[in-house]
Amino acid sequence: MYVLLIAPFLLLLGRAFVLQVLERRSHREYVESLRIHLRSLDAPRGRILSRDGVVLAWDEEELVAHATLATDFDEVEKILGQERKLQLILEGRLTVTQVEAASLQKAGVYIEKRYVRKYRGTAPHVVGYVDASRNGVAGVEKQYDSLLKGKLGYELVSISPSGKTLGRLLTSPPLPGKDVVLTIDSRLQEYAEELLKESNHRGTIIVQSINGEILAMASNPGFNPNDLVGGIEPRRWEKLVNDPNAPLLNRATSSLYAVGSVIKPLYAIAYLEEFGSEQFVVNCPGYYEYRTSDGRVAGVYKDWYSPGHGVTDLRKALRVSCNVFFYQLALKLGIEKMKLWADKFRLASRTGIDLPGEVEGLFPDPSWKQRRFGEIWYPGDTILCGIGQGFILMSPIQVLNFFNTLANRGTCYTPHVLLEIFDPNTRSKETVQPVVSFTVDLEPSVWSFLSNALVEVVSYRDGPADEGTAYQAFRGATFQAAGKTGTAEVGKPGEKSHSWFAGFSPVEKPQVVVTVLLENAGAGGEAAAPVARKILEYYWELRK
């Protein structure tokens, strides 16, 4: 009787002795082999949207299967098939579907959830792209990386010696990044990109609201940011960065050009402010002979219109873009006053646009030339600066900034591409307000004169010597506009000039500013101006 009662206790005692004494070491090793792992959980990056609600950049969820020591590959083959099972074995990881992931987890496969960046392809130079680590490296992706990045989550998981996940002890979910809404209008942007492609020229189109909001910024050629996500083969990258057409370059903000005649309104302002009502009239025979003090001809400078514009005053000189007039006006002003007024309008300064890679322009003076070349300043340097040639270099965004100031009659708004920030975690929204960059105070009569002259550039009809340089391009337009053409020589034999147009619309209470640059496309009135008309027509069509 007592034996029957004591026997079970003896068995339990014996088993306990075996476990705690004889097998103590092996069980301790097993328990200690169980590990608590801290795993980071990828956070979705914020979306980038256009002002009209089109998603330009977003994250897509991707499930990645990882083989472990606990993986039952027979079960894996039943789920994925032999070919994909081999891929998992050889590579150690495999992208799978949601349904596959649920079954694979039961077969000892670890499933990782990660995010892949995707792009619509619209405005690639503005939107930018991310690298393999999902860090922004260009455009808005870089400029607002800290906003777009989410906050990583974490989980504590128990892992068996074979690598199998036994359980999740604690999870702190990731927080998604903030959405950013751009000032870009996707319809206007895509149309601008289409116009550039049709032109078959490298170049850029920028359309800006009068308050600084960039509505479109197209640079040609472009690129597909989806090709750069997750890394790119070194050979392909080398080919891309060494491409002579520089598709990664944002020509709107990061490239400098001779500006040609689009700068002439600056000198008109300088003359009117410095000399007041004094009349300045020249006779243009199609060329200008610069003579030294002893009457010797030191240089002959041609007009773009070889028959000559005849008797030309300031208003006509702006309308027909008479080079002979501005050669002599430059000498009358002198390079110091030209530089003074260029600085007032911050022509060569960075505009402060919220995109990485903006470059500074150049408006030279004698001290710059001495530092740069160790040479003195010659009258010929002043003459060439008078028509936007010589050493003057500006980016298209700087030209746009100048015309924004003209359209606003002295008030320049900082160009920007960020419109709103939306936090999905708090459901809060922050709207970016326009910022005045600087002001230039001029007599009202100067602004009126300039506005009327720039209207005539696109609307004055007469013979070839008197017609506005953009009249043919804008003939029959149903909207008001004012602007200036530019034809900038590049100094290389056999290459066509760069083609410019910059202007605003309407004339009274302007709403929009546009700048078009087409590299090596020829005369501004024949190449850039027709493109500017098309983009302005579409702008007004969208607002009907």
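Just above, that's the structure.
Residues numbered from 1 in each chain as written. Predicted model: local features only at pLDDT ≥ 70, side-chain atom pairs only at ≥ 80, totals over all residues. Heavy atoms only, no water.

1. Examining the sheet that holds strand β21 (residues 482-488)
Then step 1. Strand order across the open sheet formed by 5 strands is β12-β11-β23-β22-β21, with antiparallel pairing between neighbours. The open sheet is flanked by β12 (214-220) and β21, the only strands paired with a single partner. The average undirected angle you get between the axes of adjacent strands in this sheet is 5 degrees.
Then step 2. In terms of strand pairing, strand β11 (residues 203-209) meets β12 through 6 bridges, oriented antiparallel. Across the sheet, G203 pairs through a bridge with N220, a residue of β12.
Then step 3. This element, helix α9 (residues 186-199), spans β11, β12 and β23 (512-518) of the sheet and lies at about 25 degrees to β12. (Pairing = 2+ DSSP bridges. Helix = DSSP H or I, 4+ residues; strand = E, 2+ residues; numbered from the N terminus. Axes fitted to C-alpha atoms, helices over the stretch in contact; angles between N-to-C directions. Contact = heavy atoms within 4.5 Å.)

2. Re the packing of aromatic side chains
Then step 1. Applying the stated criterion to the full structure yields 19 aromatic pairs.
Then step 2. Ring geometry for Y191 and Y538: centres 4.6 Å apart, planes at 40 degrees, overall tilted. On the criterion of sequence distance, the pair formed by Y191 in helix α9 and Y538 in helix α20 (residues 528-542) is long-range, its members being 347 residues apart.
Then step 3. Among the aromatic residues, ring-to-ring pairing joins Y271, F275, F280, F325 and F326 into one connected group. (Phe/Tyr/Trp six-rings, centres within 6.5 Å; stacked < 30°, edge-to-face > 60°.)

3. Remarks on the packing of helix α3 (residues 73-80) against helix α4 (residues 82-91)
Then step 1. Their axes nearest at 7 Å, the elements α3 and α4 cross at an angle of 130 degrees. Between α3 and α4, the crossing angle belongs to the class labelled oblique. When the axes of α3 and α4 are compared, the crossing they make is right-handed. For the pair formed by α3 and α4, the contact residues are F73, V76, E77 and L80 on the first element and Q82, R84, K85, L88 and I89 on the second. (Parallel < 35°, antiparallel > 145°, perpendicular 65-115°, else oblique. Left-handed = near helix turned anticlockwise from the far one by under 90°.)

4. Structural notes on the environment of A43
Then step 1. Looking at the element boundaries, A43 is found in the loop between β1 (35-41) and β2 (48-49).
Then step 2. Residue classification places A43 among the buried positions, given a relative accessible area of 6%.
Then step 3. Considering only alpha carbons, one finds A43 and F402, 359 residues apart in sequence, at a separation of 42 Å.
Then step 4. Those residues in contact with A43, other than ones at most four positions away along the chain, are D59, Y115, R134, G150, K151, L152, P174 and L175. (Buried < 20%, exposed > 50% of the residue type's maximum accessible area, 1.4 Å probe, protein only.)

5. Here we look at the nonpolar core
Then step 1. With 128 residues, the main nonpolar core has L266, Y267, F345, F363 and F474 as its most contacted residues.
Then step 2. Discounting chain neighbours no more than four positions away, the residues touching L266 are M338, W341, A342, F345, L347, F363 and F402.
Then step 3. In terms of nonpolar packing, the next biggest core, distinct from the first, is built from 12 residues, L88, V96, A107 and V109 among them. (Core = buried A, V, L, I, M, F, W, Y, C linked by side-chain atoms within 4.5 Å.)

6. Regarding a nonpolar patch on the surface
Then step 1. Judged by side-chain polarity, L38, L152 and Y154 come together as a nonpolar surface patch covering roughly 310 Å² of accessible area.
Then step 2. In this structure, L152 sits in the loop between α8 (145-148) and β8 (153-159).
Then step 3. In this structure L152 comes out as partly exposed when scored by relative accessible area, which is 42%. (Patch = residues over 30% accessible without salt bridge, like charges linked within 9 Å, V, L, I, M, F, W, Y side chains within 5 Å. Areas by Shrake-Rupley, 256 points an atom, 1.4 Å probe, with all protein chains shown as cover. Salt bridge = Lys/Arg side-chain N within 4 Å of Asp/Glu carboxyl O.)

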